[in-house]
Amino acid sequence: MNRKDDQAVKLAVNLGGIFLRNPVTTSSGTYGFGQEYAAYLPPSELGAIALKGLTREPKSGNQMPRLAETPSGMLNSIGLQNPGIEKFIADYLPQVRELPTKIIANISGNSVDDYADVAGRLEAAGGIDGIEINISCPNVKHGGIQFGTNPLMAAQVTKAVRDNTKLPVIVKLSPNVTDVTEIARAVVDAGADALSLINTLLGMAIDIKTRKPVLANIMGGLSGPAVKPVAVRMVWQVAQAVKVPILGMGGILTAADALEFILAGATAVAIGTGNFVNPAAPHEVVAGIEAYCLDNGIKDVNELIGAAWRR
Amino acid sequence: MNRKDDQAVKLAVNLGGIFLRNPVTTSSGTYGFGQEYAAYLPPSELGAIALKGLTREPKSGNQMPRLAETPSGMLNSIGLQNPGIEKFIADYLPQVRELPTKIIANISGNSVDDYADVAGRLEAAGGIDGIEINISCPNVKHGGIQFGTNPLMAAQVTKAVRDNTKLPVIVKLSPNVTDVTEIARAVVDAGADALSLINTLLGMAIDIKTRKPVLANIMGGLSGPAVKPVAVRMVWQVAQAVKVPILGMGGILTAADALEFILAGATAVAIGTGNFVNPAAPHEVVAGIEAYCLDNGIKDVNELIGAAWRR
Amino acid sequence: MGRLLKATVLANDQVLSGIYKLVLAQEWLAGEAKPGQFLNIRVSGASAPLLRRPLSIHYATGNQVEVLFQVVGEGTKLLSQVKPGEVLDVQGPLGNGFELNGKGPAILVGGGMGIAPLVFLAARLREPICLLGSRNGQLLSSSGGARLQEMGLELQIATDDGSLGRKGLVTELLEQTIDKAGRIYTCGPKVMLREVARLAIEHNIPCQVSLEEHMACGVGACLGCVCQTKTVQGDKRHSRVCTDGPVFEAREVVWE
Amino acid sequence: MGRLLKATVLANDQVLSGIYKLVLAQEWLAGEAKPGQFLNIRVSGASAPLLRRPLSIHYATGNQVEVLFQVVGEGTKLLSQVKPGEVLDVQGPLGNGFELNGKGPAILVGGGMGIAPLVFLAARLREPICLLGSRNGQLLSSSGGARLQEMGLELQIATDDGSLGRKGLVTELLEQTIDKAGRIYTCGPKVMLREVARLAIEHNIPCQVSLEEHMACGVGACLGCVCQTKTVQGDKRHSRVCTDGPVFEAREVVWE
Ligand SMILES: Cc1cc2nc3c(=O)[nH]c(=O)nc-3n(C[C@H](O)[C@H](O)[C@H](O)COP(=O)(O)OP(=O)(O)OC[C@H]3O[C@@H](n4cnc5c(N)ncnc54)[C@H](O)[C@@H]3O)c2cc1C
Ligand SMILES: Cc1cc2nc3c(=O)[nH]c(=O)nc-3n(C[C@H](O)[C@H](O)[C@H](O)COP(=O)(O)OP(=O)(O)OC[C@H]3O[C@@H](n4cnc5c(N)ncnc54)[C@H](O)[C@@H]3O)c2cc1C
Ligand SMILES: Cc1cc2nc3c(=O)[nH]c(=O)nc-3n(C[C@H](O)[C@H](O)[C@H](O)COP(=O)(O)O)c2cc1C
Ligand SMILES: Cc1cc2nc3c(=O)[nH]c(=O)nc-3n(C[C@H](O)[C@H](O)[C@H](O)COP(=O)(O)O)c2cc1C
Ligand code: FES
Ligand code: FES
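Residues numbered from 1 in each chain as written. Chains lettered and ligands numbered in written order. Predicted model: local features only at pLDDT ≥ 70, side-chain atom pairs only at ≥ 80, totals over all residues. Heavy atoms only, no water.

Enquirer: Now, about the sheet that holds strand β13 (residues 207-210) of chain D: what can you tell me, with residues and values included?
Expert: All names here are of chain D. On the basis of which strands lie adjacent, the open sheet formed by seven strands has the order β11-β10-β9-β8-β12-β13-β16 and mixed pairing. What marks the edges here is a single partner per strand, and that holds for β11 (166-167) and β16 (247-249). Of the pairings in the sheet, the one linking strand β9 (residues 129-134) to strand β10 (residues 154-159) comprises six bridges and is parallel in character. Following the sheet pairing, Leu 132 is matched in β10 by Ile 157. Across the sheet, helix α3 (residues 116-123) lies against β8 (106-111) and β12 (183-187), angled at about 165° from β8, the strand it touches most. (Pairing = 2+ DSSP bridges. Helix = DSSP H or I, 4+ residues; strand = E, 2+ residues; numbered from the N terminus. Contact = heavy atoms within 4.5 Å. Axes fitted to C-alpha atoms, helices over the stretch in contact; angles between N-to-C directions.)

This is how it looks when you write it as structure tokens:
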């Protein structure tokens, strides 16, 4: 008998064509290529893993220091260090493919063409269940954030990827914008199957001893519990503005945090910085969501999506 | 002999024509009309006090709950509760005027005319050292945030106030924008003598028990240490984009926090949420800045302004 | 007027699962404190939990101040871990407190943890009658009931499960006793307060209610903790629970 | 491979102002730990301080694991307040550790708190010679010097103030001793490591350096902790200090 049949609560969700066994995933850049935490948490317990951001060419990333801890959060400026799509497919994908969960590849580029090319190559290589377009990484000079703050460019990138792959396409939105719903509508119109939000808030820290920015890259992306109120607000706004499912993230540590996102309108959630604090967090979040459903007579987690505004 | 002559370190700064005895002020909405904390901290120790936001008509503010604590921060949706400009001038200003520190009135409105009118009446009443224009309050339906996210409207409001008063005009910027420097340039061109930033980040929290937003107003403003990295980043950006002095704020609890803002380019700083946590914070911040200067052979705190990028 | 104080922890004992009695050495505070006032206590040196926690003064005498609190979240959990000898950052006394003067027999109506501040109040009144309600007898005793009994006062008790006193609501006790009342003082859950206020207004008896709201500053500066009040003329306004209260006259509050 | 573990605190004593020795009961960890590896310890149940703190294994035996740490900020301050009997959330053992096999006499070069992990290393090597440097003698003894002496090892000491051993730098000691060395192991401040590496490369002696970087995950997932390394061919890349290190061969590191 299938283990799922035993479950009193249905946890499976459909994230724009990616079918997740439960709504809990791990976010891009915080879970490597899925191997690093495998000893701490069986990947089979996860709805999906989003891989570290990939680019057409290899990238050695930013100079050090790349990290700074902040109140209830952290700044990072990794700068998309990655082996490049070719080496990824040759050296890493064979192992990634074996992971017993859904795999979402996260892609970045300097041009529309870069994005389309990387997406196409990933689909051709096989073993990837969805493409997450990172139009919002604040840590690279060219591309990245510009695409994420301009609705026209965001739509262009989305359409190019959409046209070059049949895989479900998720667009990851930047929170560093005046109106996140404007970008959301633009990329959904351009063919996005789902949206993920939020990427990191642009922030910085200054070392008062050296009187210089702490990060070599000066600015970095703020993540962790500190950003949760902003993230929940944006999920709430976007969920009411578009019809595609949302992968909600930003500061999730516990099941209560994850439920805030789901009630705000997220179909699934991603844990990023939370993994660093507690590698068992995804496990605890799945268990906590299940317990919450049981306690509240909820038979299917899908009933909770957007329940804070859907009446 | 004047006490200031004894000081080894010169702490006085000029905030766009408001001369502060030291760079430490308290921020609007967190310090009432300056009386509430007087028993905890002699106002004479402060560079200035910014008063709770004033409007043309009295406002009873938003429904309860108005507060939610978040990781290293808090959400508020007070909704500009205030007695209105007329009653303020009649009943509160006489006491405010007696406070032994500089007084910055913070004003909001539903229309350009509202702002100009309130500013004019304050100047006529006397006893106010500067006007801070709040174009960025996320807690009111009309006006407020719309002015703060649109450079043209922000400039309009600034110009109207500028034309209606000779008092120094500070414009308080919203962080909920794609490019804060765009708004900063617009209001400086329109005549702002100084800028203050950041106001609160738009956020929300959901109560998973009731499955409703915690705040009656649904969304609120995020403040406290959680937002500090975003605030420092914006001060850094704006300080390099405009020539007017900056009043930096967002999450300051300690002298080290305040110094980050000054090094990023702030001429003075404001403590908001930090007062709630530690009513002695402004005192400790002044003492800490002085000690830092002494330790580092800095004779005048003005030498530190923007030192993280000025070479 | 409150002050920012250092207070040494003399004891912090669990009196029942999840309920702690914190005893602080703070002479100035003990001398200044009035029944119904509260403290704003910093529970962490780190930035989370950020805000102070408002807790009523349970009792004050000599150089000691007591607080009785229930662990409900992160802040009270941290407070429960504080050990004797540690020094806490305490702001207080805050709020207006109860008006002790008044005519006729005083009836105190306490529900749940709302019983805690009534202990200090009872000690300052002449032979008050105490009507107490809680989920069960153990909880009731631990949240101040036992202490009131030791003080030799007349107690009437109601519990949800009937494990102590009558099975039912404390407001049912009040209905039976209200005719004897010259004035009423009450603290507890909102639903209870509303019913006590309703009865008091109906019987035209002065009634002081102690309200609770989430707070940020505790000193009237942030306007985060307001409740709706009305003047005799019926004009409504937002009053601050922290400084205009926490104690209000029942008929001034807009109970909706 | 590291695990997420619960470890009971057996002791957490201040050995010198600001330096603490934390003793944990964790049998699996004690069995698994190798010299040069580290733990990632959660210092708060609240969200601030958020990240775990990386701390080297000072010693491990039986069912006990020891950590020697200096209070430098909020996280280590909280850790210093942990009391015996409390249970800590510990992740480890992490990192690759030192390669114990090698030819010729082993010379250990430790500076400051970098002496701490060398204690565990020394216990697993045959008669290593220990060159130790610190600001002063007290600090040197408290950060592992005394322990190494108790182990009956040959110590050579240099302090900044000359209060113990020679006045000067530990690298000066190394210059005098390096001809005896078959291999070198070193841990300490970056400037010291760089000089040790330079001498070792100059004399063509294998040298393992233990690096330190700010970390977020500690398991190789976030790429936050990288350092520049180079292959024999001179190709440069970013290697993760947490998993590719913290121990690197001196000639693989790009010392700029
Ligand atoms: C004037 C006053 C007197 C009080 N006296 C007592 C007392 O004597 N004994 C006692 O056990 N409790 C008392 N309370 C309630 C006490 O303040 C809360 O239980 C406590 O703040 C919860 O903090 P937490 O971090 O454990 O819970 P969390 O739920 O994690 O707190 C989250 C946030 O909500 C606030 N909060 C949560 N519940 C309340 C509440 N009921 N009232 C106000 N703020 C709340 C917290 O301060 C914090 O900012 C009093 C409250 C007020 C306003
Ligand atoms: C592999 C490794 C092993 C270590 N072993 C020891 C040891 O055995 N004994 C010991 O006393 N210290 C050791 N350290 C240093 C120790 O991790 C830091 O002193 C500690 O993290 C400081 O935390 P804090 O909150 O007290 O200081 P803060 O300065 O307040 O910390 C702020 C942030 O910076 C990080 N940080 C600050 N200093 C360092 C540092 N030197 N290295 C890495 N991160 C840092 C903190 O983890 C935190 O995220 C080791 C570091 C590494 C990387
Ligand atoms: C160290 C680090 C690296 C990240 N790298 C990427 C990346 O490569 N691509 C991407 O889309 N997001 C990246 N992110 C953003 C996260 O996926 C996530 O959107 C963000 O951190 C907010 O979630 P959190 O608060 O749970 O971490 C990174 C975040 C961190 C902390
Ligand atoms: C309770 C509260 C009320 C506020 N009211 C106002 C206001 O009336 N006008 C205004 O310009 N800013 C208002 N603010 C914003 C603060 O002045 C400040 O910009 C913001 O809180 C960031 O600083 P902080 O993190 O130090 O609090 C308010 C903030 C808080 C927390
Ligand atoms: S808590 Fe700030 S006004 Fe009452
Ligand atoms: S700390 Fe994350 S890769 Fe090393």
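Enquirer: How would you summarise the sheet that holds strand β8 (residues 130-134) of chain B if you had to cite specific residues and measurements?
Expert: Residue and element names in this part refer to chain B. Pairing is parallel in the closed barrel, where eight strands are placed in the order β3-β4-β7-β8-β9-β10-β15-β16. Ignoring which end each strand starts from, the neighbouring axes of this sheet average 25° apart. Bridge count between strand β10 (residues 194-197) and strand β15 (residues 246-249): three bridges; the pairing is parallel. Bridging from a neighbouring strand, Leu 195 pairs with Ile 246 of β15. Helix-sheet contacts for helix α3 (residues 112-125) involve β7 (102-107) and β8, and the interaxial angle to β7 is about 155°. Most of the contacts of helix α5 (residues 151-164) go to β8, to which it runs at about 160°, and overall it touches β7, β8 and β9 (169-172).

Enquirer: Describe the state of the cysteines, listing the residues and the values that go with them.
Expert: Residue and element names in this part refer to chain C. According to the stated counting rule, one finds zero disulfides over all chains in the structure shown. The thiol of Cys 207 is unpaired, and the distance to the nearest cysteine sulfur, on Cys 187, comes to 11 Å. When its relative accessible area of 0% is taken as the criterion, Cys 207 is described as buried. (Disulfide = S-S within 2.5 Å. Buried < 20%, exposed > 50% of the residue type's maximum accessible area, 1.4 Å probe, protein only.)

Enquirer: For α3 of chain B, give the residues involved together with the corresponding values.
Expert: In an α-helix, one turn spans 3.6 residues, which is why side chains three or four residues apart end up on the same side. Residue and element names in this part refer to chain B. Here α3 is 14 residues long and its end C-alpha atoms lie 20 Å apart, about the 20 Å a rise of 1.5 Å per residue gives. Within α3 the residues assigned to the buried category are Asp 114, Tyr 115, Ala 116, Val 118, Ala 119, Gly 120 and Leu 122. The first or second residue beyond α3 is Gly 126, which carries a positive phi of 85°. (Expected span 1.5 Å × (residues − 1).)

Enquirer: Please set out the confidence of the model for chain A residue by residue, giving values where relevant.
Expert: Atom-level detail of predicted coordinates should not be read off regions where pLDDT is low. The predicted model of chain A has a mean per-residue pLDDT of 94, with 95% of residues at 70 or higher. When the criterion is pLDDT under 50, residues 1-5 of chain A qualifies, and its contacts beyond four places in sequence or with other chains add up to two contacts. (pLDDT = per-residue confidence, 0-100.)

Enquirer: How would you explain the site of ligand 1 if you had to name every residue and give the values?
Expert: In the vicinity of ligand 1 lie 19 residues, with Glu 69 of chain B together with Pro 54, Gly 75, Thr 76 and Glu 212 of chain C positioned nearest. Near ligand 1, the surrounding residues are drawn from chains B and C. Between a nitrogen atom of ligand 1 and a main-chain N or O atom of Leu 68 of chain C, the distance comes to 2.9 Å. Within the backbone of Gln 70 of chain C, a nitrogen or oxygen atom sits 2.9 Å from an oxygen atom of ligand 1. In isolation ligand 1 offers 820 Å² of accessible surface; the protein chains occlude 82% of this area. Among the elements of the structure, β4 (53-56), β6 (64-70) and α2 (74-80) of chain C are those that each provide at least two residues to the shell around ligand 1. (Near = heavy atom within 4 Å. Polar contact = N/O pair within 3.5 Å; in protein donor to acceptor, adjacent residues only side chain to side chain. Areas by Shrake-Rupley, 256 points an atom, 1.4 Å probe, with all protein chains shown as cover.)

Enquirer: For the packing of helix α6 (residues 180-189) of chain B against helix α7 (residues 228-241) of chain B, give the residues involved together with the corresponding values.
Expert: All names here are of chain B. Running from amino to carboxyl end, α6 crosses α7 at an angle of 40°, the nearest separation of the two axes being 9 Å. By the angle between their axes, α6 is oblique relative to α7. The handedness of the crossing between α6 and α7 comes out as right-handed. Across the interface between the two elements, Val 180, Thr 181, Ala 184 and Arg 185 of α6 pack against Met 234, Gln 237, Val 238 and Ala 241 of α7. For the contact of α6 with α7, the per-class residue count stands at five nonpolar, two polar and one charged. (Parallel < 35°, antiparallel > 145°, perpendicular 65-115°, else oblique. Left-handed = near helix turned anticlockwise from the far one by under 90°. Nonpolar A, V, L, I, M, F, W, Y, C, P; charged D, E, K, R; others polar.)

Enquirer: How would you sum up the environment of Lys 52 of chain B? Please name residues and give values.
Expert: By secondary structure assignment, the location of Lys 52 of chain B is in the loop between β4 (48-50) and β5 (67-70). Not counting chain neighbours up to four residues away, the residues in contact with Lys 52 of chain B comprise Ser 28, Gly 29, Gly 32, Phe 33, Ile 78, Leu 80, Gln 81 and Asn 106 of chain B together with Leu 223 of chain C.

Enquirer: Any chance you could break down the site of ligand 3 for me, citing the residues and the numbers?
Expert: Residues and elements named next belong to chain A. Near ligand 3 there are 22 residues, and of these Ser 28, Lys 172, Gly 224, Gly 251 and Thr 273 occur at the shortest range. In isolation ligand 3 has 600 Å² of accessible area, and contact with the protein removes 98% of it. A class-by-class count of the residues in the shell around ligand 3 yields four nonpolar, 16 polar and two charged.

Enquirer: Which residues make up the pattern of salt bridges, and what values go with them?
Expert: Proximity of charged atoms lets side chains of opposite charge pair with each other. The tally for this structure, following the rule as stated, stands at 40 salt bridges over all chains. Two residues, Arg 53 of chain C and Glu 69 of chain B, come together in a salt bridge whose shortest N-O distance is 2.7 Å. Residue Arg 53 of chain C is located in strand β4, and its partner Glu 69 of chain B is located in strand β5; the two belong to separate chains. The partly exposed category is assigned to Glu 69 of chain B, whose relative accessible area is 31%. As a salt-bridge pair, Arg 240 of chain C and Asp 244 of chain C come within 3.4 Å of each other at their nearest N and O atoms. A relative accessible area of 27% means that Asp 244 of chain C is categorised as partly exposed. Several salt bridges share partner residues, and in doing so they unite Arg 56, Glu 86, Asp 113, Asp 114, Asp 117 and Arg 121 of chain A into one network. (Salt bridge = Lys/Arg side-chain N within 4 Å of Asp/Glu carboxyl O.)

Enquirer: Now, about the packing of helix α7 (residues 228-241) of chain A against helix α8 (residues 255-264) of chain A: what can you tell me, with residues and values included?
Expert: Residue and element names in this part refer to chain A. Orientation of α7 relative to α8, taken along the N-to-C sense of each, is 25°, at an axis distance of 8 Å. Between α7 and α8, the interaxial angle falls into the category roughly parallel. Where α7 crosses over α8, the two elements pack in a sense that is right-handed. Seen from α7, the contacting residues are Lys 228, Ala 231, Val 232, Val 235, Trp 236 and Ala 239; seen from α8, they are Asp 257, Glu 260, Phe 261 and Ala 264. Looking at side-chain class alone, the contact of α7 with α8 contains seven nonpolar, no polar and three charged residues.

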